[in-house]
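Listed below are the residues making up each chain.
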Amino acid sequence: MTDSHSEDPLHIYPDAQSLCQACAEHICRRIAQGDQQPFHLALSGGSTPRSLYQRLATAPYRETLTGNPVHFWFGDERAVPPDHPDSNYRMARETLFEPLGIPAERIHPMRPLPEDMSGAASAYEQALEQCLDKNDRGLPRFDLVLLGLGPDGHTASLFPDTDALEEQHHWVTPVYVDKLASWRLSLSFPVLEAARERLFLVAGAGKSGVIRQLFTEHRPLPAGRLLPLPDTFWFLDQAAARELSS
Ligand code: 6PG
């Protein structure tokens, strides 16, 4: 693996299209460096990554994703059925898994059950335990975790003012998000921090305020906890970066 410490953490692109292309190239470069070892990739949800996944399903990226043993995991999931319009799994299935014909054994969806969120969290932890290498603290190590950023500074489903922010024991945690009046499952900070690499994909003028709060004002927002970590990269379009000083 290339020593990514030497790489600049912040990358700004003129528009969403060039941002997606750069992100796709970065992910495929990392996968190709894996020398045909299983590559454990955690996908982010929401709307921003849709165009990235669609691009990854096209040439030349698709050959990297199908020609290497990439395992697709999720950073978080909404407590909805897998065919629900809000399901992160459904979005990835439609844009990535089906177009690429990814075999089921390489797809690891979270299965949140509103009636048993703790059980669903434990089930995902068991899958992580079985499939991922561990670091020296016994934490599962993703090769790359793709992350988004909410306007309130949440990432994955680690929302402000939730107990999930303080979860240090469990690898996967249920999160009740008051303002959404809904349950979610999320990887916890220890697992995000244990990953070999974190890659934030942030696009659009609607994120320029939270980017300023993180990078210029250093507000203590959830995503800010990952800012100081090495091997953490931020891929932004110009619209999201417009409030950053040069
Ligand atoms: C989710 C995501 C979440 C997302 C941000 C940004 O399940 O919603 O994992 O962390 O990345 O909310 O969402 P947008 O890309 O839709 O702005």
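Up top is the structure these notes are about.
Residues numbered from 1 in each chain as written. Predicted model: local features only at pLDDT ≥ 70, side-chain atom pairs only at ≥ 80, totals over all residues. Heavy atoms only, no water.

All right, on to the overall build of the chain then. Helix and strand counts for the chain stand at seven helices and nine strands. Taken over the C-alpha trace, the chain has a radius of gyration of 17 Å; the compact-globule value for 246 residues is 18 Å, and the two agree within 12%. Counting only residues that meet the buried cut, the chain has 54% of its 246 residues in that class. Of the roughly 10800 Å² that the chain leaves accessible, carbon and sulfur atoms contribute 49%. Between the mean site of the 22 positive side-chain charges and the mean site of the 33 negative ones, the chain shows a separation of 3 Å. (Helix = DSSP H or I, 4+ residues; strand = E, 2+ residues; numbered from the N terminus. Rg over C-alpha atoms; globule rule 2.2 N^0.38 Å. Buried < 20%, exposed > 50% of the residue type's maximum accessible area, 1.4 Å probe, protein only. Areas by Shrake-Rupley, 256 points an atom, 1.4 Å probe, with all protein chains shown as cover. Lys, Arg positive; Asp, Glu negative; His and termini not counted. Charge placed at Lys NZ, Arg CZ, Asp CG, Glu CD.)

It is worth spelling out the site of the ligand at this point. Close to the ligand lie 15 residues; S47, T48, H154, A156 and K207 are nearest. The contact in question runs from an oxygen atom of the ligand to an N or O atom on the backbone of G45, over 3.3 Å. S47 is positioned such that a nitrogen or oxygen atom in its side chain is 2.7 Å from an oxygen atom of the ligand. Calculation on the ligand without its partners gives an accessible area of 420 Å², and the protein chains cover 87% of this total. Here the shell around the ligand is built from residues that sort into two nonpolar, nine polar and four charged. (Near = heavy atom within 4 Å. Polar contact = N/O pair within 3.5 Å; in protein donor to acceptor, adjacent residues only side chain to side chain. Nonpolar A, V, L, I, M, F, W, Y, C, P; charged D, E, K, R; others polar.)

Let's shift gears to the sheet that holds strand β3 (residues 70–74). In space, the six strands of this open sheet follow the order β1-β9-β8-β5-β2-β3, with parallel pairing throughout. Looking along the sheet, the strands with just one partner apiece sit at the ends: β1 (10–13) and β3. Adjacent strand axes in the sheet meet at a mean angle of 20 degrees, parallel and antiparallel pairs treated alike. Inspection of the sheet shows strand β8 (residues 198–202) paired to strand β9 (residues 232–237) by five bridges, in the parallel sense. (Pairing = 2+ DSSP bridges. Axes fitted to C-alpha atoms, helices over the stretch in contact; angles between N-to-C directions.)

Below, the discussion takes up the packing of aromatic side chains. Tallying each qualifying case throughout the model produces 10 aromatic pairs. When the ring of F200 is compared with that of W234, the centres are 3.8 Å apart and the planes differ by 5 degrees; the resulting orientation is stacked. Of this pair, F200 sits in strand β8 while W234 sits in strand β9, placing them 34 residues apart in sequence. Residue F200 is classed as buried on the basis of its relative accessible area, which comes to 0%. (Phe/Tyr/Trp six-rings, centres within 6.5 Å; stacked < 30°, edge-to-face > 60°.)

Strands in a sheet are paired, the pairing made by backbone hydrogen bonds, and the direction either parallel or antiparallel. Reading across from one edge, β4-β7-β6 is the order of the three strands in this open sheet, with antiparallel pairing throughout. The open sheet has two edge strands with one neighbour each: β4 (76–78) and β6 (172–177). Taken pair by pair, the neighbouring strands of this sheet meet at an average axis angle of 20 degrees, ignoring direction. Inspection of the sheet shows β4 paired to strand β7 (residues 182–187) by three bridges, in the antiparallel sense.

Side chains that are three or four residues apart share a direction in an α-helix, a result of its 3.6 residues per turn. Compared with an ideal rise of 1.5 Å per residue, which puts 17 residues at 24 Å, helix α1 (residues 16–32) spans 24 Å between its outermost C-alpha atoms and is within 8% of the ideal. Residues of α1 that are buried: L19, C20, A22, C23, A24, H26, I27, C28, R30 and I31. (Expected span 1.5 Å × (residues − 1).)

The next subject is the environment of G204. For G204, the position within the fold is in the loop between β8 and α7 (208–215). Under the relative-accessibility criterion, G204 is labelled partly exposed at 21%. Residues G204 and R242 lie 38 residues apart in sequence; the distance between their C-alpha atoms is 9.5 Å. Once you skip the residues sitting within four places of it in the chain, G204 turns out to touch D237, A239 and A240. (Contact = heavy atoms within 4.5 Å.)

Interpretation note: all reported values are geometric properties and have no functional meaning in isolation.
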